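Here are the chains, one letter per residue:
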Amino acid sequence: MPQNSVLKKTLTALSLTAFVSGLAACGGSNNTADGTSTVTVYTGRHYGIETVFEEFTAETGIEVRFTTGSDPELRERLAAEGANTPADLVMTADAANIALAAEAGLLSPVDSEILTGAIPEALRAADNTWFSLSRRLRVIMTSSERVTTPPTTYAEVGDPQWKGRLCLRPSTHPYTQSLVAGLINTVGADTTRTIVDSWVANDPLYINSDTDILKAIQAGDCDVALANHYYLGRLLGETPNFPVTITWPEQSGVGAHLNVSAAAVTANAPNRAAAVKLLEWLVSKGQKTFSDANNEYPADPTVEPGEIIAGFGTFKSDEASVRELGRRNAEAVTLLSEAKYE
Ligand code: FE2
């Protein structure tokens, strides 16, 4: 069957509303007798998602409808819609946001040996309400042309030699919040505050896009930055000699800050069976397509990463903090605000 005809993308709140009321007007659900004809996904992870869903539909015949937004927006929408949500599955680009959705009662546990067999314990909720799909590392990026000795820890990014040479993502972004939540979890709030203060003292240029941060290094607007590894993977795919060097932080300590793309079946999923099927597919047959689509490391450690990021070498990462990022989020937000991190 032609895949494009079964893949419907709703981009805005307006079009989503139209879609939902359209269903209501028909007076019925989009379920077949076995409840597996359609699955509706809210996703905060955007890159390459069409390819992944098209492959799932081609293999299973289950239609995927999806809507995109930021993780917090989609979580708020899910909460507002309550029992009337059309969403069966929610996907996030950040561990804190999926954990906060679980805490708000918006998710439903799934008992599945496929899920628990594929995903390491540290990368899924203790109560099976959510599961990681892929791993993303927030790392140190430096100019290959102007920096000969990159920092090797998050604290060293605050060294005075980087004053006026540092680019960071603003405090409003989940990636920044989760990085700081991870630091609080590993070194405590006081030491984390000292680290964040040292970054702020370096008078960073705040840029709300990791791609733009890496391009700012290329352009000479900064020499050192923190960014997710896959943004460099993507740029290297387009420009193999892109002049930015990746350094895995904290390799003699707990390892690089690890965040995840994650997914969960919603508490009020109209098509629960199809949602479980999609979730199981994402951690098994679809695991490599999903991860490779965004240059991420598969959450299942037995699945090989793509060629470009395999070239980044092996690394140690802070798996132990992943489940704590949601619980530590509010503290991280407060700390960033008190440190006057913009
Ligand atoms: Fe991202």
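Residues numbered from 1 in each chain as written. Predicted model: local features only at pLDDT ≥ 70, side-chain atom pairs only at ≥ 80, totals over all residues. Heavy atoms only, no water.

As its UniProt record puts it under Sequence similarities (unreviewed entry), the protein is described as follows: "Belongs to the bacterial solute-binding protein 1 family." (UniProt positions renumbered as here; feature names shortened; annotations may be inferred.)

Looking at this model, I keep getting lost on the overall build of the protein. Mind explaining?
The helix and strand tally for the protein stands at 14 helices and 12 strands. Taking contacts inside the protein between residues at least 6 apart in sequence as the whole, the part at least 24 apart equals 78%. As presented, the protein carries roughly 13,800 Å² of accessible surface, and 51% of it is formed by carbon and sulfur atoms. (Helix = DSSP H or I, 4+ residues; strand = E, 2+ residues; numbered from the N terminus. Contact = heavy atoms within 4.5 Å. Areas by Shrake-Rupley, 256 points an atom, 1.4 Å probe, with all protein chains shown as cover.)

What should I look at first to understand the coordination of the iron ion in this one?
Any two of four tetrahedral donors ideally make an angle of 109.5 degrees at the metal, while pairs among six octahedral donors ideally make 90 or 180 degrees. Protein coordination at the iron ion comes from Tyr175 (OH), Tyr230 (OH) and Tyr231 (OH), with a distance range of 2.0 to 2.1 Å. All donors of the iron ion belong to a single chain; written as a sequence motif, their spacing is Y-x54-Y-Y. Taken together, the residues span a long stretch of sequence, with Tyr175 in helix H7 (residues 174–187) and Tyr230 in helix H10 (residues 229–238) at a distance of 55 residues. Take Tyr175 and Tyr230: they sit in the same class, and that class is buried. (Donors = N, O, S within 2.8 Å, 3.2 Å for Na, K, Ca; no water. Buried < 20%, exposed > 50% of the residue type's maximum accessible area, 1.4 Å probe, protein only.)

Just to check I follow, could you spell out helix H11 (residues 272–283) for this structure?
Residue pairs spaced three or four apart in an α-helix point in one direction, given the helix's 3.6 residues per turn. Taking 1.5 Å per residue as the helical rise, H11 with its 12 residues ought to reach 16 Å, and the 17 Å between its terminal C-alpha atoms agrees with that figure. For H11, the buried fraction is high: 9 of the 12 residues fall into the buried class. Restricting attention to buried positions, one finds in H11 the residues Ala274, Ala275, Val276, Leu278, Leu279, Glu280, Trp281, Leu282 and Val283. (Expected span 1.5 Å × (residues − 1).)

Explain the side chain of Thr266 to me, please; I cannot follow it from the model alone.
Relative to the assigned elements, Thr266 resides in strand S11 (residues 257–266). If we ignore the near neighbours within four places in the chain, the residues touching Thr266 are Leu78, Ala87, Asp88, Leu89, Val90, Leu106, Leu107 and Ser108.

Help me understand the pattern of salt bridges, please; the structure alone is not making it clear to me.
For side chains bearing opposite charge, pairing can occur when the charged atoms are close. Overall, the coordinates contain 13 salt bridges when judged by the stated rule. The closest approach of N and O atoms between Lys288 and Asp292, which form a salt bridge, is 2.9 Å. Highlighted residues: Lys288 and Asp292, both in helix H12 (residues 287–292), separated by 4 residues, approximately one helical turn. What makes Lys288 partly exposed here is its relative accessible area of 33%. (Salt bridge = Lys/Arg side-chain N within 4 Å of Asp/Glu carboxyl O.)

What should I look at first to understand the pairing of S11 in this one?
Consecutive side chains along a regular strand alternate between the two faces of the sheet. For S11, the tally of buried residues reaches 10 of 10 residues, placing the bulk of the element in the interior. Taken together, the 4 bridges between strand S4 (residues 89–92) and S11 define a ladder with antiparallel strand orientation. Residue pairing in the sheet places Leu89 in a bridge with Val265 of S11. Across 2 bridges, strand S5 (residues 107–108) lies against S11 in antiparallel orientation. Each bridged residue has a counterpart across the sheet, and for Leu107 the counterpart in S11 is Thr266. As paired strands, strand S6 (residues 131–143) and S11 are joined by 7 bridges and run antiparallel to one another. Considered in S11, the bridge of Arg136 is made with Asn259. (Pairing = 2+ DSSP bridges.)

Which parts of the structure should I look at to understand the nonpolar core?
Nonpolar side chains in soluble globular proteins generally cluster together in the buried interior. Of all hydrophobic cores here, the largest spans 101 residues; its most connected members are Trp199 and Leu214. At 8 residues, H11 tops the list of elements feeding residues into this core. Mapping this core onto the domain boundaries places at least three of its residues in each of domain 1 (18–135 + 259–303) and domain 2 (136–257 + 313–338). Apart from the residues within four sequence positions on either side, Trp199 is in contact with Tyr154, Val157, Gly158, Leu166, Leu168, Leu179, Val180, Leu183, Pro204, Leu226 and Tyr341. (Core = buried A, V, L, I, M, F, W, Y, C linked by side-chain atoms within 4.5 Å. Domains from an automatic or database assignment.)

What exactly am I supposed to notice about the side chain of Thr176 here?
Here Thr176 is to be found in helix H7. A relative accessible area of 3% places Thr176 in the buried class. Apart from residues no more than four positions distant in its own chain, Thr176 is found in contact with Arg169, Pro170, Ser171, Leu336 and Tyr341.

I tried to follow the pairing of S6 on my own but got confused; where do I start?
With 13 of its 13 residues buried, S6 lies for the most part within the structure. In the sheet, S6 pairs with strand S12 (residues 297–298) via 2 bridges, with the strands oriented antiparallel. Bridge pairing in S12 links Arg135 to Tyr297. When S6 meets strand S9 (residues 224–228), the two strands line up antiparallel, connected through 5 bridges. If you follow Arg138 over to S9, its bridge partner there is Asn228. Direction of pairing for S6 relative to strand S10 (residues 244–247): antiparallel, over a ladder of 4 bridges. Pairing of Ser143 across the sheet is with Val244, part of S10.

Got a minute to help me understand the packing of helix H4 (residues 71–81) against helix H5 (residues 95–103) in this structure?
Two numbers describe a pair of packed helices, the interaxial angle and the distance between the axes. Across the interface, H4 lies against H5 with an axial gap of 10 Å and an inter-helix angle of 15 degrees. Compared by their axis directions, H4 and H5 come out roughly parallel. The crossing of H4 and H5 is right-handed. Between H4 and H5, the contacting residues are Asp71, Pro72 and Arg75 on the first element and Asn97, Leu100 and Ala101 on the second. In terms of residue class, the contact of H4 with H5 is built from 3 nonpolar, 1 polar and 2 charged. (Axes fitted to C-alpha atoms, helices over the stretch in contact; angles between N-to-C directions. Parallel < 35°, antiparallel > 145°, perpendicular 65-115°, else oblique. Left-handed = near helix turned anticlockwise from the far one by under 90°. Nonpolar A, V, L, I, M, F, W, Y, C, P; charged D, E, K, R; others polar.)

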